[in-house]
Amino acid sequence: MSETHTARRSVVVIGAGPRGTGFLERLAANLPELYGDEPLDLHLVDPHPPGGGRIWRTAQSPLLWMNSQAEDVTMFTDETVRIDGPVRPGPTLAEWAGIDGRTFPSRSRQGAYLRWVYEQARAALPPSVTVHEHPTTALRVTGPREGRQRVWLAGHAVPLTADLVVLALGHLDAHPDERQRELAAFAARHGLAHLPPDFTADSDLSALRAGEPVLVRGFGLAFVDLMVLLTEGRGGRYEEGDDGRLVYLPSGREPVLHVGSRRGVPYHSKIGYEFDGEAPPLPRFFGPAQVDALLAGTGPVDFRRDVWPLVDKELGWAHYHRLFAAHPERTAMAWSDFEETYTAAAPRSPELGALVAAAVPDPADRLDLDALDHPLTGVRYATADLLQEGLRRHIADDLDRRHDPAHSSDLAVFGALLSVYGQLLRFGDIGDPGNWWHGFFSFLASGPPGPRLRQLLALADAGVVRFLGAGLTVETDEGRGVFRASSTSLPGRWTEARALVEARLPDPTLEHTGSPLLRALYEEGARATDAGLLAVDPDDGRVLGRDGRAHPRRFALGPHTTARAGGAFTRPRTGGFAFRQNDRTARTALALLRDLSCPAPLSV
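This report concerns the structure included in the present document. (Residues numbered from 1 in each chain as written. Predicted model: local features only at pLDDT ≥ 70, side-chain atom pairs only at ≥ 80, totals over all residues. Heavy atoms only, no water.)

### Things to note about the pairing of strand β7 (residues 164–167)
As a general feature of sheets, a regular strand has side chains that alternate between the two faces.
Working step 1: The alternating pattern of β7 places L164 and V166 on one face and V165 and L167 on the opposite face, and all of these are buried.
Working step 2: Here strand β1 (residues 9–14) pairs with β7 via four bridges, running parallel. In the strand pairing of β7, V11 is matched with L164.
Working step 3: Examined bridge by bridge, β7 and strand β19 (residues 550–556) share three bridges and lie parallel to one another. Bridge pairing in β19 links V165 to R554. (Buried < 20%, exposed > 50% of the residue type's maximum accessible area, 1.4 Å probe, protein only. Helix = DSSP H or I, 4+ residues; strand = E, 2+ residues; numbered from the N terminus. Pairing = 2+ DSSP bridges.)

Structure, rendered in structure tokens:
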């Protein structure tokens with residue numbers, strides 16, 4: 001039976017954080033062209049304040065920083081974003097706040113910026129659109145493929161009715177897996193502290209007591225937040241010494257953090273300089289043509305087998321192009337000869353390796369992605385003190401390199417990583433077991449600001465942080481009633497503690513998702529990857545079923561999907577992958593609403 005054209009159309013957006021706000025901005029920009037002044041109800045569902053959402057809410061510690069410089073953050077489109085809708089420029093965070101663009105603002109300030117963007121997008125909607133904010137949680141979506149949807153909300157007996165639904169959920173909680181449940185039960189039996197994977201800003205850290213050792217598994221950005229909250233957050237402070245190094249002055253309320261991980265080192269520092277001269281022309285070996293060829297193949301695309309060799313060659317191209325252009329004195333042949341042979345050589349082949357060895361005399365100037373991904377492989381320390389010295393040296397060397405333009409090939413590789421990320425969005429659900437690529441990308445390109453690593457070194461000097469090394473193993477000792485940790489970096493040595501913190505975000509697995517909404521979608525037939533990501537059409541974000549069909553009235557955007565774009569906001573003039581997705585989804589949604597609003601044909 002056809003829907004009557006007299007019904008007032010309705011859209012429900014679940015999640016009003018940065019991604020939901022970005023979708024709202026694109027909806028407002030495209031609405032005059034595609035929907036006109038027809039009446040529309042727009043429902044925004046989020047228990048957290050619109051704009052910042054949970055992660056960027058203004059009510060959080062001002063000690064927690066963004067991981068981006070203020071000039072590198074925008075929520076607005078520009079001429080580099082390939083979209084069909086209108087470009088609507090706007091200020092960066094730095095311009096809006098009137099602050100130094102090279103600073104790393106607090107997350108609460110970013111939350112205020114996002115709230116302003118939300119208010120601007122809402123104000124751009126015509127009077128025919130009525131916005132309804134629902135500060136609660138969406139529990140499930142029901143309804144036929146070809147009919148109106150119902151969105152059930154916590155605390156409400158009557159569902160919202162929608163012509164289409166857009167999921168912009170952001171990062172999600174997860175229920176503990178079997179191993180985490182075992183660790184929690186062990187901690188409960190022995191009166192220990194166990195903090196499972198979580199958003200550090202939301203964790204209750206009161207159980208981590210002053211002066212006591214704490215085992216920390218995870219050395220990424222969640223650890224950095226933990227480090228900040230347990231040091232400056234407890235009254236400690238930093239001073240600069242005569243030699244320029246930071247010195248930490250403890251408050252006496254800090255625990256002692258023993259930190260390790262699979263790699264055993266923190267993420268690489270943010271790069272502290274800008275390009276001088278030409279950037280490598282990208283993409284070259286992993287662009288639209290190569291993606292088209294892979295997608296046109298007969299079988300499924302496997303990341304390690306089919307994609308990674310091309311990515312490796314693309315990153316190498318960026319590295320060596322910059323080395324030859326900016327630092328030719330460190331090369332041993334003409335660029336034209338290198339380029340010709342590099343282009344012809346197969347990815348990761350002996351021929352390519354021989355070329356690099358001949359053209360780049362110093363091994364430190366060569367790109368070795370395997371060594372970058374596993375910097376402590378094969379490294380063993382005889383004593384714990386030597387391990388501390390080795391890790392402090394590794395961090396200091398990384399800081400020096402990432403702030404030295406003499407190593408500008410690193411910045412070229414960073415640009416290539418962003419280019420690759422954009423191409424990978426077209427694959428959607430790709431065979432990448434364990435989501436290795438995302439971890440590798442984050443390790444190289446999404447590390448902490450340099451000042452945070454300077455603070456880490458000061459904490460290590462003060463004995464507040466101790467390094468455990470790589471290949472970290474955590475066990476439980478029933479007899480002694482403690483957690484025990486060891487690593488491959490210091491064989492045969494164990495560190496004991498009565499507290500264990502899993503310093504990482506929850507894994508978004510289907511089995512353990514903390515979202516009742518996603519759980520209900522999966523049970524109804526939505527497709528998920530092995531990593532628990534919701535499968536969506538990479539073109540317009542429509543949710544895919546296990547039968548491969550795209551749902552005509554359900555869309556999803558953000559990190560819980562296979563089309564995640566690396567963040568809801570981006571650097572200015574870098575193409576804005578998320579903005580492109582938001583625009584395409586908004587236009588698809590508006591076209592559907594327009595078609596539904598047209599008079600139904602007379603039946604005969």
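### Section: the nonpolar core
Working step 1: In this structure, L208 and W437 are the most contacted members of the largest nonpolar core, which totals 75 residues.
Working step 2: With nine residues, the single largest contributor to this core is helix α12 (residues 409–424).
Working step 3: Setting aside chain neighbours within four positions, we find W437 in contact with F303, W308, V311, L417, V420, Y421, L424 and D432.
Working step 4: In this structure, L24, L31, V166 and F555 belong to the second largest nonpolar core, which totals 26 residues. (Core = buried A, V, L, I, M, F, W, Y, C linked by side-chain atoms within 4.5 Å. Contact = heavy atoms within 4.5 Å.)

### Points about the sheet that holds strand β18 (residues 542–544)
Working step 1: With respect to topology, six strands assemble into an open sheet ordered β3-β2-β1-β7-β19-β18, the strand pairing being mixed. The sheet is open, and its two edges are formed by β3 (129–134) and β18, each paired on a single side. Taken pair by pair, the neighbouring strands of this sheet meet at an average axis angle of 30 degrees, ignoring direction.
Working step 2: Together, β1, β2 (40–45), β3 and β7 form the strand contacts of helix α1 (residues 18–34), whose direction differs from that of β2 by roughly 170 degrees. (Axes fitted to C-alpha atoms, helices over the stretch in contact; angles between N-to-C directions.)

### Points about the layout of surface pockets
Working step 1: Each pocket or cavity is described by its volume, and for the second largest pocket that value is around 710 Å³.
Working step 2: Lining the second largest pocket we find 27 residues, and of these H268, A371, L372, D398 and R401 sit closest to its centre.
Working step 3: Elements with a contribution of two residues or more to the lining of the second largest pocket: α10 (369–373), α11 (384–402) and α12.
Working step 4: Per element, the largest residue contribution to the lining of the second largest pocket is seven residues, and it comes from α11.
Working step 5: Of the residues that constitute the lining of the second largest pocket, the class distribution is 12 nonpolar, seven polar and eight charged. (1 Å grid on protein atoms, 1.4 Å probe; cavity = no way out; pocket = protein on both sides within 12 Å on 5 of 7 lines; lining within 4 Å. Points joined across faces, edges and corners; volume = space filled by probe spheres on them. Nonpolar A, V, L, I, M, F, W, Y, C, P; charged D, E, K, R; others polar.)

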